[in-house]
Amino acid sequence: MNKVFITGASSGIGEYLAYAYAKQGYFIGLVARRKDRLDQVAIQCTELGGQTKVYPLDVLNDVECKSAIADFIALPGEMDTVYANAGVGSPDGLSSGSADKMNHVLSVNILGVTNTVMPFIPHFKEIRNGKIAIISSVASFRGLAHHAAYSGSKAAVRNMSQGWGTALHKHGISFTAVCPGFIKSEMTGDNEFPMPFLMETKVAAQKIIRAVNRRKKVFIFPWQMKYFLVPLIKCAPDWLIRILGFA
Ligand SMILES: NC(=O)c1ccc[n+]([C@@H]2O[C@H](COP(=O)([O-])OP(=O)(O)OC[C@H]3O[C@@H](n4cnc5c(N)ncnc54)[C@H](OP(=O)(O)O)[C@@H]3O)[C@@H](O)[C@H]2O)c1
């Protein structure tokens, strides 16, 4: 049986990734802080044909991450894919006089990824196979006004994914930096601004899995974001960004 490990599995993209793998009969490691939500996702996965083990933990806790990952690797089955998906987004709070909010975003979105990915590397090297998906964002392509810690964290992990992929290619390990546009989830649920090309979570999960299985290095979607918005925000001058309402 193939095994997949998913952080941020208690809601949104991670939850729907879990359901999609459950339908394929995978053994799924479900990680997040909210145990009650993870338990509900686990029940649903079992009904869909998968098996699960729930790991209620904070991805900032490197000791708990290491121990959960060692436990999951030791379970029967072949380790197939890891999703470093857990993430948070909040405004920088530029006038608050405190770095607390942005430090939290930077920590969860960057250290949460290293704490998830690194403990798997020795095992994947040993079996000479493994797929690792790191959830970045289209926001990684420009420093966003008022959400610069978020866009910066997503740029950091996209770059880390690229570097690790280059270094570990010879060991059969692939890295996919997944850069979604707007996807329906708890994170986007309260957004009051327009979200162009907003995608259903289930559809997003299917697209992500396809790209990761194809071992794509960077996956930007939906296509409108890839071909129009990302090229635009990469090179647009600040005055245009302001007119477009991104600041
Ligand atoms: N939705 C979008 O439009 C969009 C676009 C681009 C990128 N993304 C990225 O996609 C990923 C998933 O987000 P989502 O949209 O599915 O939002 P979501 O529904 O808010 O999911 C975030 C997940 O991360 C978990 N999480 C947050 N902090 C954690 C921590 N310290 N330790 C362990 N788990 C933690 C949450 O679970 P608990 O609260 O239970 O811990 C939850 O399961 C994030 O990395 C996000 O930045 C989303």
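Source: prediction; values computed, not measured.

1. Focus: empty space enclosed by the protein
Applying the stated criterion to the full structure yields one cavity of 30 Å³ or more. What the largest cavity holds in volume is close to 30 Å³. Contributing to the lining of the largest cavity are Phe5, Thr7, Val31, Leu57, Cys65, Ile69, Asn115 and Thr116. For the lining of the largest cavity, the elements supplying multiple residues, two or more each, are strand 1 (2-7), helix 3 (62-74) and helix 4 (100-117). Taken together, the residues of the lining of the largest cavity break down into five nonpolar, three polar and no charged.

2. A look at the site of the ligand
Near the ligand lie 30 residues; those nearest to it are Arg33, Arg34, Tyr150, Ile183 and Ser185. Lysine 154 places a polar side-chain atom, nitrogen or oxygen, 2.9 Å from an oxygen atom of the ligand. Within the residue set of the shell around the ligand, elements represented by two or more residues are helix 1 (12-23), helix 6 (148-168) and helix 7 (186-189). Residue composition of the shell around the ligand, grouped by class: 14 nonpolar, eleven polar and five charged.

3. Some points on the side chain of asparagine 115
With respect to the secondary-structure elements, asparagine 115 resides in helix 4. Under the relative-accessibility criterion, asparagine 115 is labelled buried at 15%. Excluding its chain neighbours within four sequence positions, the residues that come into contact with asparagine 115 are Val59, Leu60, Asn61, Asp62, Cys65 and Ile69.

4. Description of the pattern of salt bridges
Working definition: two side chains of opposite charge can pair if their charged atoms are close together. Within the structure shown, the criterion is met by seven salt bridges. Taking the shortest distance from any N to any O, the salt bridge between arginine 34 and glutamate 186 comes out at 3.2 Å. With arginine 34 in the loop between strand 2 (27-32) and helix 2 (35-48) and glutamate 186 in helix 7, the pair connects residues that are 152 residues apart, well separated along the chain. Note on arginine 34: relative accessible area 34%, which makes it partly exposed. The residue aspartate 71 makes a salt bridge to lysine 53 at a minimum N-O spacing of 2.9 Å. Highlighted residues: aspartate 71 in helix 3 and lysine 53 in strand 3 (residues 51-56), separated in sequence by 18 residues.

5. With respect to a positive patch on the surface
A cluster of basic residues, Lys207, Arg210, Arg214, Lys216 and Lys226, forms a positive patch on the protein surface. Exposure remark for lysine 226: the relative accessible area of 30% places this residue in the partly exposed category.

6. Description of the packing of helix 1 against helix 2
Running from N to C, helix 1 and helix 2 point in directions that differ by 25°, and their axes come no closer than 8 Å. One element, helix 1, and the other, helix 2, form an angle in the roughly parallel class. Helix 1 and helix 2 meet at a crossing whose hand is right-handed. Side by side, helix 1 and helix 2 meet where Glu15, Ala18, Tyr19, Ala22 and Lys23 of the first sit next to Arg37, Val41, Gln44, Cys45 and Leu48 of the second. Across the contact of helix 1 with helix 2, the residue classes break down as six nonpolar, one polar and three charged.

About the criteria used
- Residues numbered from 1 in each chain as written.
- Predicted model: local features only at pLDDT ≥ 70, side-chain atom pairs only at ≥ 80, totals over all residues.
- Heavy atoms only, no water.
- 1 Å grid on protein atoms, 1.4 Å probe; cavity = no way out; pocket = protein on both sides within 12 Å on 5 of 7 lines; lining within 4 Å.
- Points joined across faces, edges and corners; volume = space filled by probe spheres on them.
- Helix = DSSP H or I, 4+ residues; strand = E, 2+ residues; numbered from the N terminus.
- Nonpolar A, V, L, I, M, F, W, Y, C, P; charged D, E, K, R; others polar.
- Near = heavy atom within 4 Å.
- Polar contact = N/O pair within 3.5 Å; in protein donor to acceptor, adjacent residues only side chain to side chain.
- Buried < 20%, exposed > 50% of the residue type's maximum accessible area, 1.4 Å probe, protein only.
- Contact = heavy atoms within 4.5 Å.
- Salt bridge = Lys/Arg side-chain N within 4 Å of Asp/Glu carboxyl O.
- Patch = residues over 30% accessible without salt bridge, like charges linked within 9 Å, V, L, I, M, F, W, Y side chains within 5 Å.
- Areas by Shrake-Rupley, 256 points an atom, 1.4 Å probe, with all protein chains shown as cover.
- Lys, Arg positive; Asp, Glu negative; His and termini not counted.
- Charge placed at Lys NZ, Arg CZ, Asp CG, Glu CD.
- Axes fitted to C-alpha atoms, helices over the stretch in contact; angles between N-to-C directions.
- Parallel < 35°, antiparallel > 145°, perpendicular 65-115°, else oblique.
- Left-handed = near helix turned anticlockwise from the far one by under 90°.

Read these as spatial facts, not as claims about activity.
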